[in-house]
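Listed here are the chains, written in short residue letters.
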Amino acid sequence: MPDLDLSERKAFVERWVTMWDSPTAPTDAMAYYTEDAVIEDKAFDHTYRGHQELHEYFSRADQLFSDIRSVSLGVLVGPDHAVAQVHYSATIRQPFLCLPESSRGQRFSLYLMSLLEFAEDGRISRSVDAYDRTSVLQQLGVLPGDADWTATSGTPFSGTTPPS
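I will try to describe carefully the structure that is included in this document. Bear in mind that the values here come from a model prediction, so they are computed numbers and not experimental data.

Conventions we followed
Residues numbered from 1 in each chain as written. Predicted model: local features only at pLDDT ≥ 70, side-chain atom pairs only at ≥ 80, totals over all residues. Heavy atoms only, no water. Salt bridge = Lys/Arg side-chain N within 4 Å of Asp/Glu carboxyl O. Helix = DSSP H or I, 4+ residues; strand = E, 2+ residues; numbered from the N terminus. Buried < 20%, exposed > 50% of the residue type's maximum accessible area, 1.4 Å probe, protein only. Contact = heavy atoms within 4.5 Å.

Moving on to the pattern of salt bridges. This structure, assessed with the given rule, holds 7 salt bridges. The shortest N-O distance in the salt bridge between R69 and D21 comes to 3.3 Å. Here the residue R69 occupies a position in strand β3 (residues 65-77), and D21 occupies one in the loop between α1 (6-19) and α2 (25-28), the gap between them amounting to 48 residues. Judged by its relative accessible area of 29%, D21 falls in the partly exposed class. Measuring nitrogen to oxygen at the nearest pair gives 2.5 Å for the salt bridge that ties R104 to E101. You can call R104 partly exposed: its relative accessible area is 42%. Residue class for E101 comes out exposed when judged on its relative accessible area of 51%. Through salt bridges that share partners, E40, K42, E117 and R126 make up one connected network.

Below you can see the structure in the form of C-alpha cells.
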C-alpha cells in the first residue's frame, strides 16, 4: 500500500465523492479504481466487476441523470478501508425500469453509505454501496409515501429489468 497517512486517505475519498459532480465522471472514475475493482450495489442487488463494467455503469448513470450533486457528509478512514456517508441528488433525464414518463425532469435525493476497500496501490479495489431505493421511488411518485416495499434484483445501470 502506498505510504498514505490517514489524512491523505481521507482527502482521496473526499475527492472521489465530489468527482461524481463532474460531467466527465465516467472517465474520471477509472483513475480511482483498480482494473479488477468490484462495486456492489446493495439497493439493486447488482455487482459490477472490472473497468469495462464499471465504465458502462457510470456511463449509464450519466445518460439517465443530470444535475448530479454528490456531497460528503463524513468519512471514516483506516489504512485499508474507508466508509463514506454521501448525500447524492440528481434529476431524471431519461425514465428507466419502473419509472413512468412523468418522472422525467424530477429531482430525487438519497443518503448513501459506501464501504471502500483499498488495494496496495491505494486505489479502490472494492466498494459496497447501500441506500434506500424505496425512498427514491416514493420521491418520484412510483410508490406511495407509506409503502412497505421489498426490493427485487436488477438495476437501471445494467440495462436489465427486475423479474416480474
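Residue classification places R69 among the partly exposed positions, given a relative accessible area of 44%. C-alpha of R69 to C-alpha of H87: the two residues are 18 residues apart in sequence and 8.0 Å apart in space. Excluding residues that lie within four positions of it along the chain, R69 makes contacts with D21, H87, Y88, S89 and R107.

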